[in-house]
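Next come the chains, spelled out residue by residue.
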Amino acid sequence: MAGEPFYVTTPIYYVNDVPHIGHAYTTLACDALARFMRLDGRDVLFLTGTDEHGQKVEKAAQELGIAPQELADRNSAKFRKLAADMGYTNDDFIRTTEGRHLKAVQHLWRILRERDEIYLGTYAGWYSVRDEAFFNESELIKGENGKLIAPTGTGAEVEWVEGPSYFFRLAAWQDRLLEFYHRNPDFIAPESRRNEVLSFVKGGLQDLSVSRTSFKWGVPVPDDPDHVMYVWLDALTNYLTAVGYPDTESEAFTTYWPADLHMVGKDILRFHAVFWPAFLLAAGIEPPQRVFAHGWWTNEGQKISKSLGNVIDPTALVAEYGLDQVRYFLLREVPFGNDGDFSRAAMVQRINGDLANGIGNLAQRTLTLIQRNCEAKIPQGGDSSDGDSDLRRACGPSLLAAMRQNMEQQRFHMALQEFMSAVSAADAYITANEPWALKKTDPHRMSAVLYTLAEAIRTLAILAQPFIPDAASRLLDQLAVPEGKRNFSQIEGEGALTPGTDLPKPEGIFPRHVQPSGA
Ligand code: ME8
């Protein structure tokens, strides 16, 4: 029987530029979650992709002297490659220029129009192409030489836009949105972000311009092709397209919608937590269960930007430090939801402190002791003490419960902190039991101690898979755990190691990182 569904999405990334660490981060968080849920028996759909329409992409293509579709093809392929290079386990990769998406967006539009949620009017106001967003004059900031700047921190200048436009009746949704947030207290996370959204909505909403006639690169409005749809209405709908919308009777739709989680950066929370549920409620579709807005990475204290020349290429980082190391660092270093600063010193500290000296050293020590003292076989259990079962619980079922609770709330850093506490408990157990000294005095007890440690490492490795998949899998290989016995249901019971099983020669899973001299 298939497990309970879990549908998780990343934002779809703009193809005006190439991927950087920020994009890799959001998708990584979703990947860790998707892997965790699969191992925990859930039926996962994990979606990522690219957002290809709109003025920003059209402008970038014009600057390069190529057609927008060509730019989209080129850069979408780079996002797809990033996903492959980073080992992401997304089940689908959506592009908003695909036929399936065009069909979904135009259908949604027609429904909104039929329900009189969209009407034709005239727009006159400020627009930021970089943010693909409209702003009230009162929100704008006066920049140098008197130019008006969007209040988003992107430094983007706004431009005056005037012309015919369709509008979505957002203002009329204010009370119903507030009621929706009230009934669904977990819809927006973390809490501080939820409060921001509530006060924004309480401050009053205006109808939203959802079409433009001044450029062409977008989905044509049904029955009025002089207009292209606002790129955010187009982009948000991707989450429906991927589950088969407009076929709401399809197996994918009935299984996975409403999505369990839209993971986004804090920059695009308003679109996901205000506009999106309003569009959906207006169309009679249930909104997603949760939107989590994570924080913003800076590079050695500076804002990451192309003009500052400090954009971090995730693939280069992986080449330098290793994939599992980068994954671990990004998810452990910063409390998920907060802003974080990328620093090489912090990265090396985590690699050496937590990975090489922590789980790596624990595994290497134990497996070497087993190799030398137990004829390279899983030792016999027997003669077990309370301390043995305490450790097995701490590294097995209790750790699973603690990690599950944290993962359900997207507290990746806490899940990993729990994991490292269990590693420390295993280290303390080795120190207290001194298995190397037992060989002569009490070989039975030595065997029980090493079995307990092997079991602790087995369950730790199973639980490490969502975060450091490659090292975890090599560790499970070294314990001769078969492929089919690596999910969370094997943590207790019949998954336990069979004494007498031959083990391969142990190999370190996490070397210490030594910074090349001069670097
Ligand atoms: O906004 N730190 O796409 P986008 C952390 N197409 N995360 C970062 C980051 C940083 N410095 N920089 C980018 C769009 N991100 C729209 C989305 S969804 C229907 C449409 C991540 O290419 C973060 O997740 O500008 C942010 O929300 C996203 O990339 C923005 O990607």
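Below is a summary of the structure that appears in this document. Keep in mind the model is a prediction, meaning the values are calculated, not measured.

Observations regarding the sheet that holds strand β1 (residues 5-14)
- Pairing is parallel across the open sheet formed by six strands, whose spatial order is β3-β2-β1-β14-β15-β9. Edge strands, defined here as strands with exactly one partner in the open sheet, are β3 (92-95) and β9 (188-189).
- For strand β2 (residues 43-51) and β3, the ladder comprises four bridges, and the chain directions are parallel. Bridge pairing links T48 to F93 in β3.

Focus: the site of the ligand
- If you check the shell around the ligand, you find 22 residues, and the closest are I12, T26, D51, D267 and W297.
- Side-chain polar atom of H23 to an oxygen atom of the ligand: 3.5 Å apart, as the coordinates give it.
- A distance of 3.0 Å separates an oxygen atom of the ligand from a polar atom in the backbone of G265.
- Burial of the ligand by the surrounding chains reaches 94%, relative to a free accessible area of 680 Å².
- For the shell around the ligand, the secondary structure elements donating two or more residues are β1, α1 (21-39), α7 (231-236) and α8 (238-241).
- Of the residues assigned to the shell around the ligand, the class counts are 11 nonpolar, nine polar and two charged.

Some points on the environment of A34
- Mapped onto the secondary structure, A34 falls in helix α1.
- A34 sits in the buried class, given a relative accessible area of 0%.
- For the pair A34 and L45, spaced 11 residues apart in sequence, the C-alpha separation works out to 7.7 Å.
- Among residues more than four places away in sequence, those in contact with A34 are V8, V44, F46 and T89.

As for the environment of D92
- Positionally, D92 belongs in strand β3.
- In this structure, D92 is in contact with F46, L47, T48, R100 and A242, ignoring residues within four places of it in sequence.
- A distance of 3.0 Å separates polar atoms of two side chains, one belonging to D92 and the other to R100.

What to know about the sheet that holds strand β4 (residues 118-128)
- Within the open sheet, the four strands sit side by side as β5-β4-β8-β10. Their pairing is antiparallel. A single partner strand is all that each edge strand has here, and the edge strands are β5 (133-135) and β10 (208-209).
- Bridge count between β4 and β5: three bridges; the pairing is antiparallel. Considered in β5, the bridge of W126 is made with F135.
- Strands in contact with helix α10 (residues 269-282) are β5, β8 (159-168) and β10; relative to β8, the strand with the most contacts, it is inclined by about 30°.

About the cut-offs
- Residues numbered from 1 in each chain as written.
- Predicted model: local features only at pLDDT ≥ 70, side-chain atom pairs only at ≥ 80, totals over all residues.
- Heavy atoms only, no water.
- Pairing = 2+ DSSP bridges.
- Helix = DSSP H or I, 4+ residues; strand = E, 2+ residues; numbered from the N terminus.
- Near = heavy atom within 4 Å.
- Polar contact = N/O pair within 3.5 Å; in protein donor to acceptor, adjacent residues only side chain to side chain.
- Areas by Shrake-Rupley, 256 points an atom, 1.4 Å probe, with all protein chains shown as cover.
- Nonpolar A, V, L, I, M, F, W, Y, C, P; charged D, E, K, R; others polar.
- Buried < 20%, exposed > 50% of the residue type's maximum accessible area, 1.4 Å probe, protein only.
- Contact = heavy atoms within 4.5 Å.
- Axes fitted to C-alpha atoms, helices over the stretch in contact; angles between N-to-C directions.

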